[in-house]
Amino acid sequence: MKAMTTTSAAPAVAIAEENTYREAVAQAREAADAYYGTGESGMDDDTYDRLLRGIIAWEAEHPDQVAADSPTQQVAAGVTTGDVEHSVRMLSLGNVFSDEQVHDWAASLERRLDGRAVTAWAVEPKLDGVALAARYLDGKLVRLVTRGDGSTGEDVSHTIGHIVGLPRTLAEPITVEVRGEVLMTSGQFAAANELRTAHGGQPFANRRNASSGSLRAKDRAYQVEQTFLAYDALTDPEYTSDLTLADLSHTQLIARLATLGIGTTAGTKVATLACADLDEVLARIHEIGALRAGLDFELDGAVIKADTRADQVEAGTGSRTPHWATAYKFPAAQKITKLKAVEWNVGRTGVIAPRAILEPVEVGGTTITYASLHNVADIGRKDLMLGDKVFVLRAGEVIPRVEGAVAGQRTGDEQPIVFPEVCPRCGADIDKSGERWRCDRGRACGQVEAIRYAVARDALDIDGLGEKIVIQLVEKQMIEDFADLFTLTREQLLTLDRMGEKSADNLLVAIANAKAKPLNRVFCALGVLGTGRSMSLRIATHFGSMQAIQAADTVALELVDGIGGEKAPVIVAELAELAPVIDKLKAAEVNLDQPNFVMPAALDATETEAESEEAGTGLPLAGMTVVVTGGMTGPLAAYSRTEMTELIATAGGRASSSVSARTSLVVAGEKAGSKLDKAQTLGLEVITPEVFAERLSAVLD
Ligand SMILES: NC(=O)c1ccc[n+]([C@@H]2O[C@H](COP(=O)([O-])OP(=O)(O)OC[C@H]3O[C@@H](n4cnc5c(N)ncnc54)[C@H](O)[C@@H]3O)[C@@H](O)[C@H]2O)c1
Ligand SMILES: [Zn+2]
C-alpha cells in the first residue's frame, strides 16, 4: 500500500490590511455560525481553514488589533448551541500538517515537561463527526450533551438508544462521562437520507451534516441510527466512581472503555496504538492515512497524544486546546463544486451507471471532473439537480463520489437530471427492477468489455488480445464470451485483420497457458458483480473448486471474509447466470481448482477441534499471517503483489497489508520502510525474499 506523503496545508488566504482582516473575520464568522449552528455552511472546510489560517497569521502580526468576535478566540468560534454546562470543558485540538511540524510540536511539548522526553505516545484517527459527551450514572446512560462552545452544550438525550456504541447500560454499574465522536457509516448515511426524504425532508449534504442534523432534531417522527466512537473519558475521581481510571494511560483507557461496551476504534485497522518514539508516531500516522479510504467511517487526520496521565497533567491545557495532544490533518477529502451534467455508461455486465460531470475542483492534490453517482435510486435519495452545489468526496485513491447537495444554495436555474429511456450503448430496453439499472441484454451488451476484463493482467493475463482483435472476434461471431477463446483455431485467427502466423501462434500459446491458471484467476475472469481480484482470491481459497463455489448457497458464501448479506445473493444469482460459460470452461478442460487447497477441517463436524487444528499443517504457511513489504528479489523477483498474495494463500497462509502483533511473519525486500521498522519494534520474525522462497520450495514451481 502506498504510504501517504507528507501533506502541507493549502495556502492561507493572504491578508495585508485591517479592512481585509475585518472582512475575512466577518466571512468566517458567518460560515462558523452556520456550521456550528445549523450544521449547513455553504463553505467547505478547506476554504474555511485557509481563511482561518490567514486570520491567524494576521493576528500574530497585530496582536493588539484582534477582533473580539474573531473565530480564533474560542472553541467552535464561540457559537453556543445549548445550556447544559460541561463538568470539564470540551476542548478543540491544535493542528500540524507535516512531519516536520510534528517534530516542532513534540519539542514544544517536551519544553513544557521541563525538557524531559514524553514517556510514550498514542496515535489514533481524528474522527470526522460531531463531538459528544455521554454521561453514565451507575452504569445507566442518562444524558447526552454536544460540545457546543466547549463550556456549555446542547442536551440531545432524545437520541439515547439510537447510537451504536452508546449502550443504555454498561457492562459494569459505574458512573463515568465518556467523550467521543458521533458519525455515520455509509450505510447509516444512506438510511438517514432515505428516512428523511420519505418524511418530506431535504437530503443531507454530507455525513457530518447528517450527524449533526440528526442529533439535534428534537421533534422528529423518526430516529436515525448513528455510530459513536470514544476518544476520552473523565477519569478524575471527582467525576467517576471507577477510581482505577485515573491511573490508566490513554491507550489503556480506550481499551477499558471497550470492555465496558462503549464503541471505540479497537478492532478496526486504525485502532489507538501506543508508539515509543516519533518515528513510530509518524509511521502510524501515514499508515492511518493510507487506510483511510478503506474505512466505513470518515476521518480527517490522526491525533497524537502523550499517552501517560502524568505527562498529560504536567503539560496541561490551554484555553482552546490541550498542550499534550494535536491533530495531524490530512488533505481535505471533501470540496464543494457544481454538478454540471450526468452521463450514463454501460459496464461489462450491462449495468448502466450514472456519472457526474463536475466543475473541475481540486481534492486532495488531484483535480476532479468526474464523480460516481452510484445508481438511479441514489440520485433520487439525494434529490440532486443539474446546477446544484454538491459535496464531492475523495478519500485516498478511490473513485470520487457525490455525497449530496448543499442546502439553501439553489438559485432556481437548476434542471432535473434526465434518465435514459433505452440502453445508451445498444438501444435495448432497460431492466429497472433492481437498484442498479441494467441493459435487458445484460452481459451480451457488454461483451467486448467483459472479454477484455477476463484477459487482463489481474485475471487470465493473456497477452495479444487488444480491443481491436476482441471486437473482430465478437463481430465475426467466433466468440461470445471468454470461454470461447479456448476453442479458437489457428485457421480462425488467421482470418482476422493484421493477424500474422507468428502472432496467431503466440496468441494460441498464451491462451493455452491460461488454461492452467489457478481458480482465483478464472473466477475473476468471470466478472461476477461485486467480486474483483482480491475477493476472487478469497472465494477461490475458501472453496477450493469451481464446483464447490457453484454448490454454495448464500449462507455458505457469507462465511467468506468480506461477503455480507447484500453481496451473497448477488453472487449466487450471477453464478446461475454464468453457468453456461462455466460449462464451456469445463468442456475446454480449463483448470477449475485452487492449487494446494485443503478442506478446512473446522467445517467437518465429525472431526475434533484438535484434529481440525492440524488440518493444512502440511502446508508451509498453515495458520500464519504474512506481510510482504519492499521489493522482491531472488527467485521471487518477478512476483507482483497479486502473485505474492496468491503464493501465500497457496502455501496455506493469509496475506495482510499491515503489521500488527498478530502478524506471524514479515517478508522484507529491498527498500522496506515503516512496516519493517514496526515489525522490528514488535519483535516479529523478519526474513528476506530468498529465505521465504526456500521455505516455500514445496509449493513453488
Ligand atoms: N465549513 C465551514 O463553514 C466551517 C466553519 C467552521 C469550522 N469548520 C471546520 O470545523 C473544524 C474545526 O473545528 P474544531 O475547532 O471543532 O476542531 P476540529 O474538529 O478540527 O478538532 C477538534 C475536535 O476533534 C474531535 N476529535 C476527533 N477525533 C479525536 C480524537 N481521537 N481525540 C480527540 N479529539 C478528537 C473532537 O471532537 C474535537 O473537539 C475544521 O475542520 C473546520 O474546517 C468548518
Ligand atoms: Zn445495451
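Values in this document were obtained by computation on a predicted structure and should not be read as measured data. Sequence order as written defines the numbering, with residues in each chain counted from 1. Chain labels run from A onward and ligand labels from 1 onward, assigned in the order the entries are written. A pLDDT threshold of at least 70 governs which residues receive local features in this predicted model, and a stricter bar of 80 or more applies before side-chain atom pairs are shown or counted, although totals over entire chains, interfaces and linings include all residues. Only hydrogens and water are set aside; all other atoms, that is, all heavy atoms of the structure, feed into the side-chain values.

### Re helix 15 (residues 533–543)
To keep it simple, the criterion reads: A 1.4 Å probe rolled over the protein chains alone gives each residue an accessible area, and that area as a share of the maximum for its type sets the label: buried under 20%, exposed over 50%, partly exposed in between. Strands are runs of DSSP state E lasting at least 2 residues, helices are runs of H or I lasting at least 4, and numbering of each runs from the N terminus. We call two residues in contact when some of their heavy atoms are within 4.5 Å.
Within the span of helix 15, buried status applies to Met-535, Ser-536, Leu-537, Ile-539, Ala-540 and Phe-543. Packed against the buried residues of helix 15 are helix 14 (519–526), helix 16 (546–551), helix 17 (554–557), helix 18 (567–577) and helix 21 (641–650). Trailing helix 15 by a residue or two, Gly-544 shows a phi angle of about 85°, which is positive.

### Observations regarding the UniProt feature "active site" (unreviewed entry) in the protein
The condition is simple: UniProt positions are given in the numbering used here, feature names are shortened, and annotations may be inferred rather than shown by experiment.
Summarizing the sequence annotation, UniProt attributes the feature "active site" (unreviewed entry) to Lys-126 in the numbering used throughout. Along the chain, Lys-126 falls in strand 3 (residues 121–127). Note on Lys-126: relative accessible area 17%, which makes it buried. Beyond its immediate stretch of four places on either side in the chain, Lys-126 contacts Leu-93, Leu-299, Asp-300, Gly-301, Ala-302, Val-303 and Ala-327.

### Quick look at the domain arrangement of the protein
Keep this limit in mind: Note that the domain bounds reflect an automated or database-derived domain assignment.
In terms of domain boundaries, the protein breaks down into domain 1 (18–73), domain 2 (84–329), domain 3 (334–437), domain 4 (442–514), domain 5 (519–595) and domain 6 (615–695). For domain 3 and domain 5, the distance between their C-alpha centres works out to 31 Å.

### So, the site of ligand 1
The condition is simple: In this text, near means that some heavy atom of the residue lies within 4 Å of the molecule or strand in question. Each polar contact in these results corresponds to two N or O atoms within 3.5 Å; when the atoms are within protein, one needs to be able to donate a hydrogen and the other to accept it, and residues that are neighboring in sequence are counted only if both atoms are side-chain atoms. In these tables, accessible area is a Shrake-Rupley quantity obtained with a 1.4 Å probe, and a residue counts as shielded only by the protein chains included in the view. By the convention adopted, Pro, Cys, Tyr, Trp, Phe, Met, Ile, Leu, Val and Ala count as nonpolar, Lys, Arg, Asp and Glu as charged, and the other residues, Gly among them, as polar.
Around ligand 1 there are 24 residues in total, and Ser-41, Asp-49, Ser-92, Arg-147 and Glu-181 lie nearest to it. The side chain of Tyr-36 places a nitrogen or oxygen atom 2.9 Å from an oxygen atom of ligand 1. In this structure, Pro-125 approaches ligand 1 through a main-chain N or O atom, which is 3.1 Å from a nitrogen atom. Protein contacts shield 92% of the accessible area of ligand 1, which totals 840 Å² for the unbound molecule. Contributions of two or more residues to the shell around ligand 1 are made by helix 1 (18–37), helix 2 (45–61), strand 3 and strand 11 (299–306). For the shell around ligand 1, a count of residues per class yields 13 nonpolar, 2 polar and 9 charged. Two domains each provide a minimum of three residues to the shell around ligand 1, namely domain 1 (18–73) and domain 2 (84–329).

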